[in-house]
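Coordinate analysis (summary)
Residues per chain, in single letters:
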Amino acid sequence: MSNALKFGKVAVLLGGKSAEREVSLDSGRAVLEALIRSGVEAEAFDPQERCVTELVNYDRAFIVLHGRGGEDGQIQGVLEWLNIPYTGTGVQGSAIGMDKIKTKQVWQGSELPTAPHRIVSKDADADEVIASLGLPFIIKPVHEGSSIGMSKVEKPEDFAEALAKATEHDAVVMAEKWINGREFTIVLLNGQALPVIRLEPPKDVAFYDYEAKYNRNDVQYGIPCGLSEAEEKTLQELALRAFQAVGCKGWGRIDAMQDEQGNFWLLEVNTVPGMTSHSLVPKAAKAVGYDFDQLCVTILEQTLQYHGVDQ
């Protein structure tokens, strides 16, 4: 209990105004309860309901805001300005990580493998995109998380609906080549890659979408992941390089695919991953001996090494 006093008064930032608000509220409540159980003086702070200037009344912040406003550098910038230590990635890494195109550009520049893609406009020609990427491919809003607005395009007539769905959520939309193979996620914590998790959504969903992530109970999570020891080490090292290339710090998650030829492809980075009962970070942490409360305190301890200026 006394050890928790070193943190002072902690704001657990949750909710917000992004499309991921409900998930953030769930994640934030779980983190808040864990910190309180651990003796930390912690309070919920929802930026949609309170003015961010009130954060001056806190000693540090645990960011559990998913999506825009929370993962894109905005709240990190506010906290930098107020000189309040916070968990996770800084302003620049958050801004890059929330932008799927910018993330891919960084990875390509760092010679890291990522699936072929292209930006598509509202009036994009389906035949042109198909000629460029082949079928199938996936349409994604560039600045959303939790698979919001994403659709798999398997035939030309699927394109218009998928594009319309994505543009409901974002003015910038991308098409990405579909990688046939196995899907994995790699959790990064304090400079280490935790055991890789294999994701196996039920057969009746096209991919690991929002429904599978948060509402289904029939998704299979493989730990161990089914890779050989050498393959798992390769993927962990690749994820660490990808995380560091974007400028991410503290904790986060990299999603990747392994194609049918055995090659790994990076999909995206998550700088404030979910912390709900369905979430992947607690599952990976549990595999190396962290219970949920210990995990939350470990993440909060990152703020004790905070030096300001984009961390």
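Residues numbered from 1 in each chain as written. Predicted model: local features only at pLDDT ≥ 70, side-chain atom pairs only at ≥ 80, totals over all residues. Heavy atoms only, no water.

A look at the sheet that holds strand β5 (residues 137-141)
Here we have 4 strands laid out as an open sheet, ordered β4-β7-β5-β6, and antiparallel in their pairing. Strand pairing shows two members of the sheet lacking a second neighbour, β4 (117-120) and β6 (151-153), which therefore form its edges. Across the sheet, the axes of successive neighbouring strands diverge by a mean angle of 30°, strand direction being ignored. With 5 bridges joining them, β5 and strand β7 (residues 173-177) adopt antiparallel strand pairing. Among the inter-strand pairings, proline 141 is bridged to a residue of β7, identified as valine 173. Relative to the sheet, helix α6 (residues 159-167) contacts β4, β5, β6 and β7, its axis offset from that of β5 by approximately 20°. (Pairing = 2+ DSSP bridges. Helix = DSSP H or I, 4+ residues; strand = E, 2+ residues; numbered from the N terminus. Axes fitted to C-alpha atoms, helices over the stretch in contact; angles between N-to-C directions. Contact = heavy atoms within 4.5 Å.)

Quick look at the UniProt feature "binding site: Mg(2+) 1" (unreviewed entry) in the chain
Under the feature "binding site: Mg(2+) 1" (unreviewed entry), the UniProt entry names Asp255 and Glu268. If you trace the backbone, aspartate 255 turns up in strand β12 (residues 251-259). Not counting residues within four places of it along the chain, the set of residues in contact with aspartate 255 comprises Phe184, Thr185, Trp265, Leu266, Leu267, Glu268 and Asn270. Engagement of the side chain of aspartate 255 in a polar contact is seen with the side chain of threonine 185, the distance being 2.7 Å. Assignment of secondary structure puts glutamate 268 in strand β13 (residues 264-270). Classification of glutamate 268 by relative accessible area gives buried; the value is 14%. When sequence neighbours within four positions are dropped, the list of residues in contact with glutamate 268 reads Lys100, Trp107, Lys140, Arg253, Ile254 and Asp255. (UniProt positions renumbered as here; feature names shortened; annotations may be inferred. Polar contact = N/O pair within 3.5 Å; in protein donor to acceptor, adjacent residues only side chain to side chain. Buried < 20%, exposed > 50% of the residue type's maximum accessible area, 1.4 Å probe, protein only.)

A look at helix α9 (residues 280-287)
Here α9 has its buried residues at Leu280, Val281, Pro282, Ala284 and Ala285. Looking at the buried side of α9, the elements it contacts are β8 (181-189), β10 (197-200), β11 (220-222), β12 and α10 (292-300). Two residues or fewer after α9 comes glycine 289, characterised by a positive phi angle close to 100°.

Digging into the packing of helix α3 (residues 91-98) against helix α4 (residues 100-109)
Where α3 meets α4, the axes come as close as 5 Å, and the angle between the chain directions of the two elements is 105°. Taken together, the axes of α3 and α4 are roughly perpendicular relative to one another. Where α3 approaches α4, its residues Ile96, Gly97 and Met98 are matched on the opposing element by Lys100, Lys102, Thr103 and Val106. In the contact of α3 with α4, the residues fall into 3 nonpolar, 2 polar and 2 charged. (Parallel < 35°, antiparallel > 145°, perpendicular 65-115°, else oblique. Nonpolar A, V, L, I, M, F, W, Y, C, P; charged D, E, K, R; others polar.)

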